[in-house]
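For reference, the chains in residue letters:
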Amino acid sequence: MNPQSEADALALARATDDDRIILAPPALYLEPISKIVKKSPLCAQNMFWAEDGSPGQGAHTGEISPRELKDIGVKFAIIGHSERR
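My aim in this report is to walk through the structure given alongside it, one point at a time. (Residues numbered from 1 in each chain as written. Predicted model: local features only at pLDDT ≥ 70, side-chain atom pairs only at ≥ 80, totals over all residues. Heavy atoms only, no water.)

1. Some points on helix α1 (residues 6-15)
Going by this rule: With a 1.4 Å probe rolled over the protein chains alone, any residue whose accessible area is under 20% of its type maximum counts as buried; one over 50% counts as exposed, and the rest are partly exposed. Runs of E in the DSSP output that reach at least two residues are strands. Runs of H or I that reach at least four are helices, and both are numbered from the N terminus. Within this analysis, the arc is defined by the directions that extend from the helix axis to the C-beta atoms. Should any heavy atoms of two residues lie within 4.5 Å, those residues are considered in contact.
All of the buried residues in α1 are Ala 9, Leu 10 and Ala 13. Along the axis of α1, the buried positions cluster into a sector of 95°, meaning they face one direction only. Projecting away from the buried face of α1 at angles above 90 degrees are the exposed residues Ala 7 and Ala 15. The inward-facing, buried residues of α1 abut α2 (27-34).

Structure, rendered in structure tokens:
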């Protein structure tokens, strides 16, 4: 839950846009940040294993799929970090 506003997230992304830094903002700010960073790769803080809510897979409400992340330019995801276990 940090940064706590979109304005703060965008300011931080602008200040740290460097190809040696991977940005991993909260999911809420991934898309707006993806529109302004030019150098830093984006990283999701979490990702669900299913590509989509295909029949038989379930809706997985609240989850983010690899396809959704890729669509906005996310290249990495943190899987299994301590705050999600």
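That was the structure; now back to the text.
2. So, the environment of Phe 76
Along the polypeptide, Phe 76 turns up in strand β2 (residues 74-77). Residues Phe 76 and Arg 20 lie 56 residues apart in sequence; the distance between their C-alpha atoms is 14 Å. Once residues within four sequence positions are removed from consideration, Phe 76 is found in contact with Ile 22, Pro 41, Leu 42, Cys 43 and Ala 44.

3. Structural notes on the nonpolar core
Note the following rule: Residues enter a nonpolar core if they are buried and are Ala, Val, Leu, Ile, Met, Phe, Trp, Tyr or Cys, with the set joined through side-chain atoms within 4.5 Å.
Judged by nonpolar contacts, Ala 9, Leu 10, Ala 13, Leu 23, Tyr 29, Leu 30, Ile 33, Val 37, Leu 42, Ala 44, Leu 69 and Val 74 together constitute the single largest core of 12 residues. The set of elements that each furnish at least two residues to this core consists of α1, α2 and β1 (42-44). When sequence neighbours within four positions are dropped, the list of residues in contact with Tyr 29 reads Pro 3, Gln 4, Ser 5, Glu 6 and Ala 9.

4. Remarks on the packing of α1 against α2
Rules: Working convention: axes come from line fits to C-alpha atoms, limited for helices to the stretch in contact. Angles between N-to-C directions cover 0 to 180 degrees. What sets the label is the angle itself: under 35 degrees gives roughly parallel, over 145 gives roughly antiparallel, 65 to 115 gives roughly perpendicular, and the rest give oblique. Helix crossings fall into two classes, left-handed where the near helix is turned counterclockwise from the far one by less than a right angle and right-handed where it is turned clockwise. For this scheme, ten residues count as nonpolar: Ala, Val, Leu, Ile, Met, Phe, Trp, Tyr, Cys and Pro. Four count as charged, namely Asp, Glu, Lys and Arg, and the remainder, Gly too, count as polar.
Where α1 meets α2, the closest approach of the two axes is 10 Å, and the angle between their N-to-C directions is 50°. If you check the angle between α1 and α2, you find them oblique. Relative to α2, α1 is oriented so that their crossing is right-handed. In contact with Glu 6, Ala 9, Leu 10 and Ala 13 of α1, α2 contributes Tyr 29, Pro 32 and Ile 33. Residue composition of the contact of α1 with α2, grouped by class: 6 nonpolar, no polar and 1 charged.

5. Concerning the packing of aromatic side chains
Rules: Aromatic pairing here means that ring centres of Phe, Tyr or Trp (its six-membered ring) are within 6.5 Å. Orientation follows from the plane angle: under 30 degrees is stacked, over 60 is edge-to-face, and everything else is tilted.
Taken as a whole and assessed by the stated rule, the structure comprises 1 aromatic pair. A ring pair is formed by Phe 48 and Trp 49, whose centres lie 5.3 Å apart and whose planes are at 35°; its orientation type is tilted. Since its relative accessible area comes to 62%, Trp 49 is described here as exposed.

So far we have only geometry, and geometry alone does not tell us how the molecule works.
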